[in-house]
Amino acid sequence: MVLWCRRALASLWQWGPGGVRRPISLSVGASGLFGSGGSHEKEKLSLQDIAELIRSRACQKVLVMVGAGISTPSGIPDFRSPGSGLYNNLQQYHIPYPEAIFELEFFFHNPKPFFKLAKELYPGNYKPNVAHYFLRLLYDKGLLLRLYTQNIDGLERVSGIHPSKLVEAHGTFASATCTVCRRSFPGEDCWADVMADRVPCCPVCNGVVKPDIVFFGEPLPQRFFLHMADFPLADLLLVLGTSLEVEPFASLSEAVRSTVPRLLINRDLVGPFAWHPRSRDVAQLGDLVRSVETLVGLLGWTEELQALVQRETGKLDGQDR
Ligand code: OAD
Ligand code: ZN
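Residue numbering note: each chain is counted from 1, following its sequence as written. Note on labels: chains are lettered from A, ligands numbered from 1, in written order. Local features are withheld for residues below a pLDDT of 70 in this predicted model, meaning they are given only at 70 or higher, and side-chain atom pairs are given and counted only at 80 or more; totals for whole chains, interfaces and linings count all residues. Think of the side-chain values as coming from all heavy atoms in the structure, minus any hydrogens and water.

Geometry is summarised by axes, namely lines fitted to C-alpha atoms with helices restricted to the contacting stretch, and by angles between N-to-C directions that run from 0 to 180 degrees. The numbering of helices and of strands both runs from the N terminus, where a helix is a DSSP run of H or I of at least 4 residues and a strand a run of E of at least 2. Interhelical geometry of helix 4 (residues 130-140) versus helix 10 (residues 302-320) gives an angle of 110 degrees and a closest axis separation of 10 Å. One finds that helix 4 runs roughly perpendicular with respect to helix 10. Helix 10 is crossed by helix 4, and the crossing has right-handed handedness. Of the residues in helix 10, those in contact with Val130, Tyr133, Phe134, Arg136, Leu137 and Asp140 of helix 4 are Glu304, Leu305, Leu308, Val309, Arg311, Glu312, Thr313 and Leu316. When describing relative orientation, an angle under 35 degrees is termed roughly parallel and one over 145 degrees roughly antiparallel, while 65 to 115 degrees is termed roughly perpendicular and anything else oblique. Here is the rule for handedness: rotate from the far helix to the near one, and if that takes an anticlockwise turn smaller than a right angle the crossing is left-handed, while a clockwise turn gives right-handed. Here, residues are in contact when the closest pair of their heavy atoms is within 4.5 Å.

Among the residues of helix 6 (residues 188-195), Cys190, Asp193 and Val194 are the ones counted as buried. Summarising the axial view, the buried residues of helix 6 lie within an arc of 100 degrees, below the 170-degree limit, and thus occupy one face. Buried positions along helix 6 lie against helix 3 (112-121), strand 7 (171-178), strand 8 (184-186) and strand 9 (209-213). Just beyond helix 6, the residue with positive phi is Asp197, at close to 60 degrees. Think of it in three bands: residues with accessible area under 20% of the maximum for their type are buried, residues over 50% are exposed, and the middle band is partly exposed, with areas taken using a 1.4 Å probe on protein chains only. Note that the arc is defined by the directions from the helix axis to the C-beta atoms.

The next thing to look at is the pattern of salt bridges. The working definition used for a salt bridge is a side-chain nitrogen of Lys or Arg within 4 Å of a carboxyl oxygen of Asp or Glu. Enumeration according to the criterion identifies twelve salt bridges in this entry. We note a salt bridge from Arg146 to Asp230, for which the minimum N-O separation is 2.8 Å. In this pair, Arg146 sits in strand 5 (residues 144-149) while Asp230 sits in helix 7 (residues 227-233), placing the two residues 84 residues apart along the sequence. Take Asp230: its relative accessible area is 2%, and that puts it in the buried class.

The next point concerns the coordination of the zinc ion (ligand 2). Looking at the zinc ion (ligand 2), the protein donor atoms are Cys178 (SG), Cys181 (SG), Cys202 (SG) and Cys205 (SG), and they sit 2.3 to 2.4 Å from it. Each of the four donor atoms around the zinc ion (ligand 2) contributes to a set of angles spanning 97 to 121 degrees, which defines the coordination as tetrahedral. The rule for donors is simple: an N, O or S atom within 2.8 Å of the metal counts, and for Na, K and Ca the reach is 3.2 Å. Water is not among the atoms, so a site may look short of donors. Spacing between the donor residues of the zinc ion (ligand 2) along the chain follows C-x2-C-x20-C-x2-C. Pair noted here: Cys178 is in strand 7 and Cys202 is in the loop between helix 6 and strand 9, with a separation of 24 residues, a long-range link. Every geometry call rests on angle ranges, with four donors termed tetrahedral when all angles are between 85 and 135 degrees, four termed square planar and six termed octahedral when opposite donors are over 155 degrees apart and all others are between 65 and 115, and everything else termed irregular.

Below, the discussion takes up the layout of surface pockets. A volume near 970 Å³ is recorded for the largest pocket. If you list the elements that add at least two residues to the lining of the largest pocket, you get helix 3 and helix 8 (271-275). Among the elements that line the lining of the largest pocket, the one with the most residues is helix 3, at five residues. Residues are grouped as follows: nonpolar covers Ala, Val, Leu, Ile, Met, Phe, Trp, Tyr, Cys and Pro; charged covers Asp, Glu, Lys and Arg; every other residue, Gly included, is treated as polar. Taken together, the residues that form the lining of the largest pocket break down as 22 nonpolar, 16 polar and twelve charged. Here the second largest pocket defines a volume of roughly 390 Å³. Lining residues are defined by having an atom within 4 Å of a point belonging to a cavity or pocket. Those points lie on a 1 Å grid over the protein atoms alone, cavities being sets where a 1.4 Å probe fits but cannot get out and pockets being open sets with protein on both sides within 12 Å along at least five of seven lines. Grid points are joined across faces, edges and corners, and a volume is the space filled by probe spheres set on the points.

The next point concerns the site of ligand 1. Summary of the distance rule: residues count as near a molecule or strand when at least one heavy atom falls within 4 Å of that molecule or strand. Residues in close proximity to ligand 1 total 25 residues, the closest being Phe79, Arg80, Tyr87, Thr242 and Ser243. Contacts to ligand 1 include Gln150, whose backbone N or O atom sits 3.1 Å from an oxygen atom. Here a polar contact means two N or O atoms within 3.5 Å. Within protein one must be a hydrogen donor candidate and the other an acceptor candidate, and residues neighboring in sequence count only if both atoms are side-chain atoms. Within the contact set of ligand 1, an oxygen atom lies 2.7 Å away from a side-chain nitrogen or oxygen of Thr242. Here the accessible surface of atoms and residues is derived via Shrake-Rupley with a 1.4 Å probe, and residues count as covered only by protein chains that are part of the display. In the complex, 97% of the free accessible area of ligand 1, which totals 800 Å², lies under the protein chains. Cavity membership is defined here by more than half of the atoms lying within 2 Å of grid points; on that basis ligand 1 lies in the largest pocket. Residues of the shell around ligand 1, tallied by class, amount to nine nonpolar, eleven polar and five charged. Assignment to a cavity or pocket requires that more than half of a molecule's atoms be within 2 Å of the site's grid points.

Cis geometry is adopted by the peptide bond preceding Pro248, which originates at Glu247 and carries an omega value of 10 degrees. Within the secondary structure, Pro248 is located in the loop between strand 11 (246-247) and strand 12 (262-266). Of note, the phi angle at Asp197 is positive, near 60 degrees, even though the residue is not glycine. Looking at where Asp197 falls in the secondary structure, it is placed in the loop between helix 6 and strand 9.

Rendered as structure tokens:
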């Protein structure tokens, strides 16, 4: 199961010999891999109903899927938002087209743009926000079945959610692999080189060492396959801050049972919530922090969340000093 992007599919190019871009064709799609869903004639739900299902513990196996939109309040740009998204602001990276930054062919041609981005995103530069700490509260209360994230900023870990509850579907900077001899290294081994604008090289064979971020065309980490056990078990799905454009992650949103309520918290209606809605879907559209705060208010967790944010932010500020 490899990474691919829906919107880029029609215009996917590969970086060929002699610096020539050539179109590539893909034969495998992921959207057919998961349950078909189908609509159930059940009552329409509201955000208040979702809060009540959580608060009353009628739902105790909450699955969460997140994307870059949960980290924009921490100051990290997302990928596809018009204007502010990274893919609109790549002039500084000197790449021929946006997705090139996560393409192996281009990386082997020129790894510098990716490492420039890596330097910006390297763990430690940013702090979790209210959205991360809301998910941490779900975890603390024993309600989080698993958190599937597309983000590579590591903020879910920093927020204090145990790694066993996380699936970092698009990889992590916590480890790195030599692209030639395939030796594995702790992510920190690359840190000094990346910070000094040097391409990290393998101490054994001198090959380029790439952080274990999943590039287009690469397989997803083994942990991604936990979805096969998790999604049939879930009794509630929360989807936050993602355009659901990248597969196979996006199709997970259709892998919960068709009777399971799904809540989308995002600026706009995306993916199956737009083109294949189910009767128990709820979409809370607009600013993500405001939506999370509204939900937390309905849950009666506002003070608890504020105390958690204060405590954890204080700890992180202490580490910075
Ligand atoms: P996108 O940039 O595609 O989508 C982010 C979504 O979050 C958009 O729908 C935004 O409208 C929404 N959003 C952003 N800030 C928000 C805010 N403050 N309030 C409400 N909504 C907000 O990011 P992803 O879906 O995460 O791959 O992108 C998926 C993958 O594409 C990434 O993991 C990355 C990229 O190629 C890799 O890193 C390998
Ligand atoms: Zn090597």
